[in-house]
Amino acid sequence: MQQKLKILSDAIIDGSVETVRQQVQEALNENISARDILNEGLLKGMDEVGVLFKEGEMFVPEVLVSAKAMQAGVDIIKPVLLSDGAPSSAKILTVTVEGDLHDIGIKLVGIMLEGAGFEVVNIGVDVPTSKIIEKVKEIKPQIIGLSAMLTTTMVSMKCVIEELDREGLLSVMKVMVGGAPLSPSFAEKIGGNYSADANDAVIVAKKLLSL
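Rules and cut-offs
- Residues numbered from 1 in each chain as written.
- Predicted model: local features only at pLDDT ≥ 70, side-chain atom pairs only at ≥ 80, totals over all residues.
- Heavy atoms only, no water.
- Helix = DSSP H or I, 4+ residues; strand = E, 2+ residues; numbered from the N terminus.
- Buried < 20%, exposed > 50% of the residue type's maximum accessible area, 1.4 Å probe, protein only.
- Expected span 1.5 Å × (residues − 1).
- Arc of directions from axis to C-beta.
- Contact = heavy atoms within 4.5 Å.
- Pairing = 2+ DSSP bridges.
- Axes fitted to C-alpha atoms, helices over the stretch in contact; angles between N-to-C directions.
- Patch = residues over 30% accessible without salt bridge, like charges linked within 9 Å, V, L, I, M, F, W, Y side chains within 5 Å.
- Areas by Shrake-Rupley, 256 points an atom, 1.4 Å probe, with all protein chains shown as cover.
- Salt bridge = Lys/Arg side-chain N within 4 Å of Asp/Glu carboxyl O.
- Lys, Arg positive; Asp, Glu negative; His and termini not counted.
- Charge placed at Lys NZ, Arg CZ, Asp CG, Glu CD.
- Core = buried A, V, L, I, M, F, W, Y, C linked by side-chain atoms within 4.5 Å.

Participant: Could you clarify how one ought to interpret the side chain of Ser 156 in this entry?
Facilitator: By the secondary structure assignment, Ser 156 is in helix 7 (residues 154-166). Residue Ser 156 is classed as buried on the basis of its relative accessible area, which comes to 12%.

Participant: What is the right way to look at unusual backbone geometry in this model?
Facilitator: With the exception of glycine, the majority of residues adopt a negative phi angle, and the majority of peptide bonds are in the trans configuration. A positive phi angle, close to 55°, is found at Asp 126, a residue other than glycine. Mapped onto the fold, Asp 126 is located in the loop between strand 2 (119-122) and helix 6 (129-139). The partly exposed category is assigned to Asp 126, whose relative accessible area is 34%. For Lys 140, which is not glycine, the phi dihedral falls at a positive 50°.

Participant: How should I be thinking about helix 1 (residues 2-14) in this particular structure?
Facilitator: The terminal C-alpha atoms of helix 1 lie 18 Å apart, and with 13 residues this matches the ideal 18 Å at 1.5 Å per residue to within 8%. For helix 1, the full list of buried residues reads Lys 4, Leu 5, Leu 8, Ser 9, Ala 11 and Ile 12. Looking straight down helix 1, one finds that the buried residues subtend no more than 155° of arc, so they occupy a single side. For helix 1, the exposed residues set more than 90 degrees away from the buried face come down to Gln 3 and Asp 14. Of the residues one or two after helix 1, Gly 15 is the one with positive phi, at around 70°.

Participant: Looking at this structure, I do not really get the environment of Ile 139. What am I missing?
Facilitator: With respect to the helices, strands and loops of the structure, Ile 139 is situated in helix 6. A relative accessible area of 14% means that Ile 139 is categorised as buried. For the pair Ile 139 and Ala 69, spaced 70 residues apart in sequence, the C-alpha to C-alpha distance is 28 Å. Once residues lying within four places of it in the same chain are set aside, the contact partners of Ile 139 are Lys 91, Leu 93 and Val 121.

Participant: Sorry if this is basic, but what is going on with the sheet that holds strand 4 (residues 174-178) here?
Facilitator: Sheet strands pair via backbone hydrogen bonds, and the direction of the pair is either parallel or antiparallel. Strand order across the open sheet formed by five strands is 2-1-3-4-5, with parallel pairing between neighbours. The sheet is open, and its two edges are formed by strand 2 and strand 5 (193-194), each paired on a single side. Of the strand pairs in this sheet, strand 4 and strand 5 are connected by two bridges, and their pairing is parallel. For Val 177, the partnering residue across the bridge sits in strand 5 and is Tyr 194. Seen against the sheet, helix 9 (residues 198-208) touches strand 1 (91-96), strand 3 (143-147), strand 4 and strand 5 and runs at an angle of roughly 165° to strand 4.

Participant: Before we go on, may I ask you to explain a negative patch on the surface in this structure?
Facilitator: A cluster of like negative charges, contributed by Asp 47, Glu 48, Glu 55, Glu 57 and Asp 197, occupies part of the molecular surface. Looking at the secondary structure, you find Glu 55 in the loop between helix 3 (34-54) and helix 4 (60-83).

Participant: Any chance you could explain the pattern of salt bridges here in plain terms?
Facilitator: For the structure on display, the rule yields ten salt bridges. Residue Asp 103 pairs with Lys 107 through a salt bridge whose shortest N-O separation is 3.4 Å. Among the residues examined, Asp 103 registers a relative accessible area of 24% and is labelled partly exposed. Bridged by salt links that share partners, the residues Lys 4, Glu 26 and Glu 30 form one connected network.

Participant: For this particular structure, what's the right way to read the nonpolar core?
Facilitator: Across soluble globular proteins, nonpolar side chains show a tendency to be buried alongside one another. Core analysis: the largest hydrophobic core is formed by 45 residues, its most contacted members being Ile 37, Leu 42, Met 70 and Ile 77. Those elements that place two or more of their residues in this core are helix 1, helix 2 (17-29), helix 3, helix 4, helix 5 (104-115) and helix 9. Setting aside chain neighbours within four positions, we find Leu 42 in contact with Leu 8, Ile 12, Val 20, Val 24, Ile 37, Met 70, Gly 73, Val 74 and Ile 77. Counting 24 residues, the second-largest nonpolar core is a separate cluster that includes Val 95, Val 97, Leu 146 and Ile 190.

Everything listed here is a matter of geometry and, on its own, says nothing about what the molecule does.
Have a look at this one:
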């Protein structure tokens, strides 16, 4: 089993979509659990991608290719994960706040959350507070994830949370925040729950929903 999952995680690092699909299907056929395929194969590969990216040994285009391979694997095991009781009813709205055009981080977060069984709705980048509030009212998520990659757009997160509070929405949902310039203390100051990276986002989301 471990050798099969090692081949799978290596395929994620290489960004080989076809190899990932093949290895995931073979793993399922060999009765390896979908959860093990996710955690020990797909997510372990993406963990290594994250390390290589931070160390400057992988670049954004390569990370996106790996993320595409990850998604291909998740698509195959998602029905099995849901049937195993993953929190499919938990909906998370993700968005990059107004003034910020970065979406790599929030896309990776979305992939990881979907892999963990959450329903993720992403509404894009540079989204005004009013549009975010409108979407929250429309789809009624249990969690909203706000992303900012610039120090100048961090203030937009504060504006969104303040507006959610004014609308009485914070009583029925949780707020997660993340991005390179953020810190746990900043998140706490504005009333958000900090996650350091895509893997941490899954842990935080589950904790917020007591899963």
